[in-house]
Amino acid sequence: MTAAYDHFVDAAQLIKESATALRDAVNAVQVYTAPAVARAVQAERNLYDRIDAEFGLFTSAEAGRRLGSRSTAPRNLAAATRHEGALLAITRGHQMLFPGFQFGPDGRPLPVIRILREIADEAHWSETGVVQWLCAPTTYLGGLRPVDLLTGEPDRVVDVARQAWTVQW
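Residues numbered from 1 in each chain as written. Predicted model: local features only at pLDDT ≥ 70, side-chain atom pairs only at ≥ 80, totals over all residues. Heavy atoms only, no water.

Undergrad: Go over the nonpolar core with me, naming the residues and quoting the values.
TA: Ile51, Phe101, Leu116, Trp133, Leu134, Leu150 and Trp165 are the most contacted members of the largest nonpolar core, which totals 30 residues. Where this core is concerned, the elements lending two or more residues are helix H2 (35–54), helix H5 (111–123), helix H6 (127–134) and helix H7 (154–165). Excluding anything up to four places from it in sequence, Leu134 contacts Leu88, Phe101, Leu116, Arg145, Pro146, Val147, Leu150 and Val157. Among the nonpolar cores identified, the runner-up in size contains eight residues, and Phe58, Ala63, Leu87 and Ala89 belong to it. (Core = buried A, V, L, I, M, F, W, Y, C linked by side-chain atoms within 4.5 Å. Buried < 20%, exposed > 50% of the residue type's maximum accessible area, 1.4 Å probe, protein only. Helix = DSSP H or I, 4+ residues; strand = E, 2+ residues; numbered from the N terminus. Contact = heavy atoms within 4.5 Å.)

See below:
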């Protein structure tokens, strides 16, 4: 067969496996689930998969080691740094995960993250909302993703975050 045919067969198998997994998940929920909710949950998962592929999503222990911990419990340093407002984390399943984009080459948190956390707190934005916003194109930046400007133009990201998160209607 041709490569195109093999690709089609692989895609069909992936669709079948995805549909089976989603059916099983929906069947496990004992209450009505609106289609929009199911789509939102899947969209969030897809986003986190893309973040993981592009930047990495680190466990608390991995983030702690990246921060330089030599402790037998490096997760404590990651948790403390997050508690101090210098890191963002998302929850996936039962794990707190730290997106890799917020670490500089030296392993330290980018200073802009603390500022974004402060603005987010004032605007009542969650850490999850901040991570999702950072990784999505925005018209405030002409279609660019804020995450792509964190190291090169952090002040611009801060200005745009302040505008976007505190807009009054």
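The rest of the description comes next.
Undergrad: Help me get a handle on the packing of H2 against H6, residues and values and all.
TA: For any two helices packed against each other, one specifies the crossing angle of their axes together with the interaxial distance. Following both chains from N to C, one finds H2 and H6 inclined at 65°, their axes separated by 11 Å at the closest point. As summarised for this structure, H2 and H6 are arranged roughly perpendicular, according to the angle between their axes. In the crossing of H2 with H6, the sense of the turn from one axis to the other is left-handed. Facing Glu44, Leu47, Tyr48 and Ile51 of H2, the residues of H6 in contact are Thr128, Val131 and Gln132. Residue composition of the contact of H2 with H6, grouped by class: four nonpolar, two polar and one charged. (Axes fitted to C-alpha atoms, helices over the stretch in contact; angles between N-to-C directions. Parallel < 35°, antiparallel > 145°, perpendicular 65-115°, else oblique. Left-handed = near helix turned anticlockwise from the far one by under 90°. Nonpolar A, V, L, I, M, F, W, Y, C, P; charged D, E, K, R; others polar.)

Undergrad: Mind laying out the pairing of strand S3 (residues 95–99), listing which residues take part and the relevant values?
TA: Sheet analysis places strand S1 (residues 57–58) next to S3, joined by two bridges and oriented antiparallel. Paired with Phe58 across the bridge in S3 is Phe98. In the sheet, strand S2 (residues 90–92) pairs with S3 via three bridges, with the strands oriented antiparallel. When the sheet's bridge partners are listed, Thr91 is paired in S3 with Met96. In this structure, the hairpin formed by S2 and S3 is closed by a connection of two residues, where Gly93 is found at a positive phi of approximately 65°. (Pairing = 2+ DSSP bridges.)

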